[in-house]
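This is what each chain is made of:
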Amino acid sequence: YCLMLLFATTLISLNSFAQFLKFTGFAVYNNEPLENADVIVVENEKMITQTKTNDKGFFMVKLTYNHNYTIRFSKQGFCEMYALVDGTIPVDKEDYNIKFEIRVPFFGVDQKELNLGVFKKPITKVYFDGNSRFIDDPLYITGFYKELNKEIVEVVKVQEKKPAKDTKVTQE
């Protein structure tokens, strides 16, 4: 009887430590699923786990709460990107299994119309909202994509100021 009670207590204890953030997502290129993209989880500059996207562009990794992670996304011919995940969660929420889903748009290294230097920074920052879920930082994402598309906006503005090639300027 004592051995059975010890076994049951151990299972309950192990279960209470087994809670995690299920970090899932879809890798896409031109709104189509991107297969075989690498997804690498890093903590304190050490690789924790890695996976690849499936034929639908889907991936899933489990992250332990109260750790900070860098999730790297890469595939040959595309810009390498990463997301930062602050896994800090209040003690009273640690028994939750929470799912966070992200859509990861890939960009080709030859997309010269974009400011590809922006990928030196994370594509998003994820954190717990204080209630029941993990969220992206909306202000950060807005700024990131404005900076990514910065060169497009500047090129369009310059083109709008130039007269069309067949326009003749005449003096009267």
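As a reminder, the structure under discussion sits directly above these lines.
About the criteria used
- Residues numbered from 1 in each chain as written.
- Predicted model: local features only at pLDDT ≥ 70, side-chain atom pairs only at ≥ 80, totals over all residues.
- Heavy atoms only, no water.
- Helix = DSSP H or I, 4+ residues; strand = E, 2+ residues; numbered from the N terminus.
- Buried < 20%, exposed > 50% of the residue type's maximum accessible area, 1.4 Å probe, protein only.
- Areas by Shrake-Rupley, 256 points an atom, 1.4 Å probe, with all protein chains shown as cover.
- Pairing = 2+ DSSP bridges.
- Axes fitted to C-alpha atoms, helices over the stretch in contact; angles between N-to-C directions.
- Contact = heavy atoms within 4.5 Å.
- Salt bridge = Lys/Arg side-chain N within 4 Å of Asp/Glu carboxyl O.

K.L.:
Any chance you could explain the overall build of the protein chain here in plain terms?
P.N.:
Regarding its fold elements, the protein chain presents three helices and 10 strands. Of the regular secondary structure in the protein chain, the N- to C-terminal order runs α-β-β-β-β-β-β-β-β-β-β-α-α. Counting every position in the protein chain, which comprises 172 residues, the buried fraction comes to 33%. For the protein chain, the exposed area adds up to about 11,800 Å²; of that, 55% sits on carbon and sulfur atoms.

K.L.:
Hey, could you run me through the sheet that holds strand 10 (residues 134-136) in this one?
P.N.:
Backbone hydrogen bonds hold the strands of a sheet together, and the pairing may be parallel or antiparallel. Reading across from one edge, 4-3-6-7-9-10 is the order of the six strands in this open sheet, with mixed pairing throughout. In the strand order of this sheet, the two ends are held by strand 4 (46-52) and strand 10, each with one partner. Taken over all neighbouring pairs, the strand axes of this sheet differ in orientation by 20° on average, direction set aside. Note that strand 9 (residues 124-128) and strand 10 share three bridges and pair antiparallel. Paired with V126 across the strands is D136, a residue of strand 10. Those strands touched by helix 2 (residues 138-148) are strand 9 and strand 10, and its axis lies near 175° from that of strand 9.

K.L.:
Quick question: what am I supposed to make of unusual backbone geometry here?
P.N.:
Backbone geometry follows two general trends: most residues other than glycine have a negative phi, and most peptide bonds adopt the trans configuration. The phi torsion at N36 lies on the positive side, around 65°, for a residue other than glycine. By the element assignment, N36 lies in the loop between strand 2 (32-33) and strand 3 (38-43).

K.L.:
Just to check I follow, could you spell out the pattern of salt bridges for this structure?
P.N.:
When the charged atoms of two side chains lie near each other, side chains of opposite charge can form a pair. Scanning the entire structure with this criterion turns up four salt bridges. Among the salt bridges present, the one from K99 reaches E101, with a minimum N-O distance of 3.9 Å. With relative accessibility at 52%, the residue K99 sits in the exposed group. Put simply, E147 and K121 hold a salt bridge, and the shortest N to O gap is 2.7 Å. Residue E147 is located in helix 2, and its partner K121 is located in the loop between strand 8 (98-105) and strand 9; the two are separated by 26 residues in the primary sequence. In this structure E147 comes out as partly exposed when scored by relative accessible area, which is 28%. By relative accessible area, K121 is classed as partly exposed at 35%.

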